[in-house]
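Descriptive analysis of the structure
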Amino acid sequence: QVQLVESGGGLVQAGGSLRLSCAASGVMFGINAMGWYRQAPGKQRELVATSTSGGGTNYADSVKGRFTISRDNAKNTVYLQMNSLKPEDTAVYYCNAKRSWPSHDYWGQGTQVTVSS
């Protein structure tokens, strides 16, 4: 099993920055991608950013140019640097780890990010 623990969320003013961390533990064999999703009140969970073991990244259009995902493979940790935060970024942010074979997704408990006007 894989356990994911997020940290770094909080309350920040619009235009500010936050850095989220996700520490993974357990059996990491076969985990080929890690990333971040978010869910705002009354909304469905949406992809924010993903990072593959090969170094590829993918971002939601709404965060391109503002958010950066990075990984420290030695520490099994993924980060999300969030700059120029907007109130629309307010959501619970979830860490995700994907095992390709067989296909399975692991999720963290979520960390709240609140951006005030």
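Note: the structure precedes this text.
Quick look at the structure, then. (Residues numbered from 1 in each chain as written. Predicted model: local features only at pLDDT ≥ 70, side-chain atom pairs only at ≥ 80, totals over all residues. Heavy atoms only, no water.)

Turning our eyes to something else, we now look at the environment of M82. Mapped onto the elements of the fold, M82 is located in strand 8 (residues 77-82). According to the relative accessible area criterion, M82 is buried, its value standing at 0%. Sequence separation between M82 and L20 is 62 residues, and the spatial gap between their C-alpha atoms is 7.9 Å. M82 has contacts with G16, S17, L18, L20, R66, F67, Y93 and V113, leaving out every residue within four places of it along the chain. (Helix = DSSP H or I, 4+ residues; strand = E, 2+ residues; numbered from the N terminus. Buried < 20%, exposed > 50% of the residue type's maximum accessible area, 1.4 Å probe, protein only. Contact = heavy atoms within 4.5 Å.)

It is worth spelling out the nonpolar core at this point. L4, M34, W36, L80, M82 and Y93 are the most contacted members of the largest nonpolar core, which has 29 residues in total. Elements represented by at least two residues in this core include exactly strand 1 (2-7), strand 3 (18-26), strand 4 (31-39), strand 5 (46-52), strand 7 (67-72), strand 8, strand 9 (91-99) and strand 11 (111-116). Discounting chain neighbours no more than four positions away, the residues touching M34 are L4, C22, A24, M28, T50, S51, I69, R71, V78, C95, N96 and A97. (Core = buried A, V, L, I, M, F, W, Y, C linked by side-chain atoms within 4.5 Å.)

According to the stated counting rule, one finds one aromatic pair in the structure shown. Summarising the aromatic geometry, the rings of Y37 and W107 are spaced 5.0 Å apart at their centres and angled 70 degrees between planes, so their arrangement reads as edge-to-face. On the criterion of sequence distance, the pair formed by Y37 in strand 4 and W107 in strand 10 (residues 104-107) is long-range, its members being 70 residues apart. Judged by its relative accessible area of 36%, W107 is partly exposed. One cation-aromatic arrangement involves R19 over Y79; the distance from NZ or CZ to the ring centre is 3.9 Å. Sitting over the ring of Y94, R45 keeps its end group 3.9 Å from the ring centre. (Phe/Tyr/Trp six-rings, centres within 6.5 Å; stacked < 30°, edge-to-face > 60°. Lys NZ or Arg CZ within 6 Å of the ring centre and 35° of its normal.)

The subject of this paragraph is the environment of S84. Position of S84 relative to the elements: it lies in the loop between strand 8 and strand 9. Between the alpha carbons of S84 and K64 there is a distance of 11 Å; along the sequence they are 20 residues apart. Not counting chain neighbours up to four residues away, the residues in contact with S84 comprise G15, G16, S17, R66 and D89.

On inspection of all chains with the given rule, the structure shows one disulfide. Residue C22 pairs covalently with C95 via a disulfide, S to S 1.9 Å. Between C22 and C95 the sulfur-sulfur dihedral comes to about -85 degrees; the bridge is accordingly left-handed. With C22 in strand 3 and C95 in strand 9, this pair connects stretches of sequence that are 73 residues apart. On the basis of relative accessibility, which here comes to 0%, the residue C22 falls in the buried class. (Disulfide = S-S within 2.5 Å.)

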